[in-house]
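# Per-entry structural report
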Amino acid sequence: MKNQTSITIVLLMSLSDDEETIHVLFIFFLLIYLMTVFSNFLIILLVVTCAHLHTPMYFFLGNLAFLDMSFSSVTAPSMLSHLITQHWSMSLSECIAQVFFVLYFAGSEVLLLSSMSYDRYVAICRPLHYSQVMSSGACAKMAFLVWSTPFLVSITYITCLKRLTFCGPNLIQNFFCDLPHLFQISCTDPTINVLTVLILGSVSGTSAFVITFYPYVRIFRAVLRIGTSDGKSKAFSTCTSHLTVVLMYYASITFIYVVPNTSNLLTLNRVVTVIYTLITPLLN
């Protein structure tokens, strides 16, 4: 350990070695990023300026738009810069900062999707009490938890990183930094860090998962009791888009963080990561 030198630069995995492919990828990802920022900004502008959109559902949609715009901005600009310069590297401090914001915005989106599930449950299953339950004060408290809780969790993860030393190899098998990548290049035993991630991740992740999907069990039961097909269609139409976003997001997270990242799945993992960090915020 004494003869090993701590690294200050990490190398990222290039998306392609072919120059023509790189140009195509740069244009494609640049268009996706610009569309994501522009469309989400328009949503925020509409929610803020249109009085008839000042409802809990559009309040959470405005938060989701800001969250998606921010999440894309954590990874897309640096990736575009690496594509155009072909210098796939960043300082270790920049890498750790990127890890923090990736964890923070990912955690915030999980909690926000949970809040939106609860909002749809109250709207469909308790419509007469909707304005009372989903009051402006209740929405503000839910938004506070959405933005503050992941900050505390992410700070805990990053603080635990201080006990690790990084002495190489400094190659990260992706186009951006994430927590598992730092564990892989650590020359200190990361067992304590992994246990911290497992405990906090299991508690917060399981809670968010239950809060997100249990309301849909109640929603489906309530919808099936509706006598007319038009009534069922109207009820389902208020939550199908949100449920699609939830399934797409959880499927991506599960594949990236739960499925073992073996050499056979490396390419597929990078494709799913692109969908998770760039495509999903646009589709939302």
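How each quantity is defined
- Throughout this document, residue positions are counted from 1 along each chain, in the order its sequence is written.
- Predicted model: local features are reported for residues with pLDDT of at least 70 only, side-chain atom pairs are reported and counted for 80 or more only, and whole-chain, interface and lining totals are derived from all residues.
- Where side-chain values are given, they derive from all heavy atoms of the structure, hydrogens and water being excluded.
- Secondary structure elements are defined from DSSP: runs of H or I of at least 4 residues count as helices, runs of E of at least 2 residues count as strands, and each element is numbered from the N terminus.
- Residues are treated as being in contact if the distance between any of their heavy atoms lies within 4.5 Å.
- In protein, a polar contact means a hydrogen-donor-capable atom and an acceptor-capable atom, both N or O and within 3.5 Å, with residues adjacent in sequence counting only if both atoms are side-chain atoms; elsewhere, any N or O pair within 3.5 Å suffices.
- A pocket here means an open set of points on a 1 Å grid, computed over the protein atoms alone, that has protein on both sides within 12 Å along at least five of seven lines. A cavity is instead a set of points where a 1.4 Å probe fits but cannot get out; residues with an atom within 4 Å of a point line either one.
- Grid points are joined across faces, edges and corners, and a volume is the space filled by probe spheres set on the points.
- Here the term charged refers only to Asp, Glu, Lys and Arg, the term nonpolar to Ala, Val, Leu, Ile, Met, Phe, Trp, Tyr, Cys and Pro, and the term polar to all other amino acids, Gly among them.
- Paired strands, as defined in this entry, are two strands with at least two bridges between them according to DSSP.
- Between N-to-C directions, angles span 0 to 180 degrees; the directions come from axes that are lines fitted to C-alpha atoms, helices contributing only their stretch in contact.

## What about the environment of Thr 188?
Among the secondary structure elements, Thr 188 is positioned in the loop between helix 6 (179-184) and helix 7 (191-224). Separated by 77 residues in sequence, Thr 188 and Leu 111 place their C-alpha atoms 32 Å apart. Filtering out sequence-adjacent residues up to four positions away, Thr 188 remains in contact with Arg 163, Leu 164 and Thr 165. Reaching out from Thr 188, the side chain makes a polar contact with the side chain of Thr 165 at a distance of 2.6 Å.

## A look at empty space enclosed by the protein
Under the defined criterion, the tally for this structure stands at 1 cavity of 30 Å³ or more. What the largest cavity holds in volume is close to 40 Å³. Thr 156, Tyr 157, Cys 160, Leu 161, Leu 179, Phe 183, Asn 193, Thr 196 and Val 197 together form the lining of the largest cavity. For the lining of the largest cavity, the elements supplying multiple residues, two or more each, are helix 5 (136-160), helix 6 and helix 7. Of the residues assigned to the lining of the largest cavity, the class counts are 6 nonpolar, 3 polar and no charged.

## Structural notes on the environment of Ile 158
By the element assignment, Ile 158 lies in helix 5. The contact partners of Ile 158, leaving out residues within four places of it in the chain, are Ile 96, Val 99 and Phe 100.

## Focus on the layout of surface pockets
In this structure, the largest pocket occupies an estimated 1500 Å³ of space. Lining of the largest pocket is provided by 50 residues; of these, Tyr 157, Gly 201, Gly 205, Ile 253 and Tyr 257 occupy positions nearest its centre. No other element matches helix 7, which puts 12 residues into the lining of the largest pocket. Of the residues assigned to the lining of the largest pocket, the class counts are 30 nonpolar, 19 polar and 1 charged. Met 57, Leu 61, Met 116, Ser 241 and His 242 are, among the 13 residues lining the second largest pocket, the residues nearest its centre. Sorting the residues of the lining of the second largest pocket by element identifies helix 2 (56-85), helix 3 (92-125) and helix 9 (240-257) as the ones contributing at least two each. For the lining of the second largest pocket, the class distribution of residues is 7 nonpolar, 4 polar and 2 charged.

## Points about the sheet that holds strand 1 (residues 9-12)
Across the sheet, 3 strands lie side by side as 2-1-3; this open sheet has mixed pairing. In this open sheet, the two edge strands, each paired with only one partner strand, are strand 2 (89-91) and strand 3 (171-172). Contacts from helix 3 reach strand 1, strand 2 and strand 3, with the element oriented near 90 degrees to strand 2.

Any functional reading would require information beyond the geometric quantities listed.
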